[in-house]
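Structural features, examined
Each chain, letter by letter, is given below.
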Amino acid sequence: MATAIVRHGLRSALRLRASSPRASPASKRFLSSSAHHDEAAEASKWEKITYVAIASSTSLALYNLSKPHPHHEEPPAYPYLHIRNKEFPWGPDGLFEVKHH
């Protein structure tokens, strides 16, 4: 299920990126070509870091959830825990339970 969520997120991100309107190269103004290159490289770097972080955290969560974990023992059925000194108004069978004789 976690891989399906990650896959859906990646598809959505790629679809969003592909459908975003792009300006024609003639309409863009570059005041400094190195600044634009640095911004694109930085964005690309953080996009890759994000994908790696998603994949690694998902795999770590799956690993932790797949390991056996301790189960607590059931407490002893002490008789004093279920004392009924007075009948319930709906009877001894329960509110919606009907015992068939």
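In this report, the structure presented in the accompanying data block is examined. (Residues numbered from 1 in each chain as written. Predicted model: local features only at pLDDT ≥ 70, side-chain atom pairs only at ≥ 80, totals over all residues. Heavy atoms only, no water.)

Let us now look at the overall build of the chain. Secondary structure assignment for the chain yields two helices and zero strands. By residue count, 3% of the 101 residues in the chain fall in the buried class. Working note: accessible area of the chain is about 10000 Å², and carbon and sulfur atoms make up 63% of it. (Helix = DSSP H or I, 4+ residues; strand = E, 2+ residues; numbered from the N terminus. Buried < 20%, exposed > 50% of the residue type's maximum accessible area, 1.4 Å probe, protein only. Areas by Shrake-Rupley, 256 points an atom, 1.4 Å probe, with all protein chains shown as cover.)

Time to look at the pattern of salt bridges. The tally for this structure, following the rule as stated, stands at one salt bridge. One salt bridge in this structure joins K45 and E42, with 3.3 Å as the shortest N-O distance. Of this pair, K45 and E42 are both found in helix α2 (residues 33-66), three residues apart, which corresponds to roughly one turn of the helix. Classification of K45 by relative accessible area gives partly exposed; the value is 38%. (Salt bridge = Lys/Arg side-chain N within 4 Å of Asp/Glu carboxyl O.)

A cluster of nonpolar side chains, contributed by Y78, Y80, L81 and I83, occupies part of the molecular surface with about 460 Å² of accessible area. One can find I83 in the segment after α2. (Patch = residues over 30% accessible without salt bridge, like charges linked within 9 Å, V, L, I, M, F, W, Y side chains within 5 Å.)

Attention now moves to the side chain of T58. Mapped onto the elements of the fold, T58 is located in helix α2. You can call T58 buried: its relative accessible area is 16%. Apart from residues no more than four positions distant in its own chain, T58 is found in contact with A2 and V6. (Contact = heavy atoms within 4.5 Å.)

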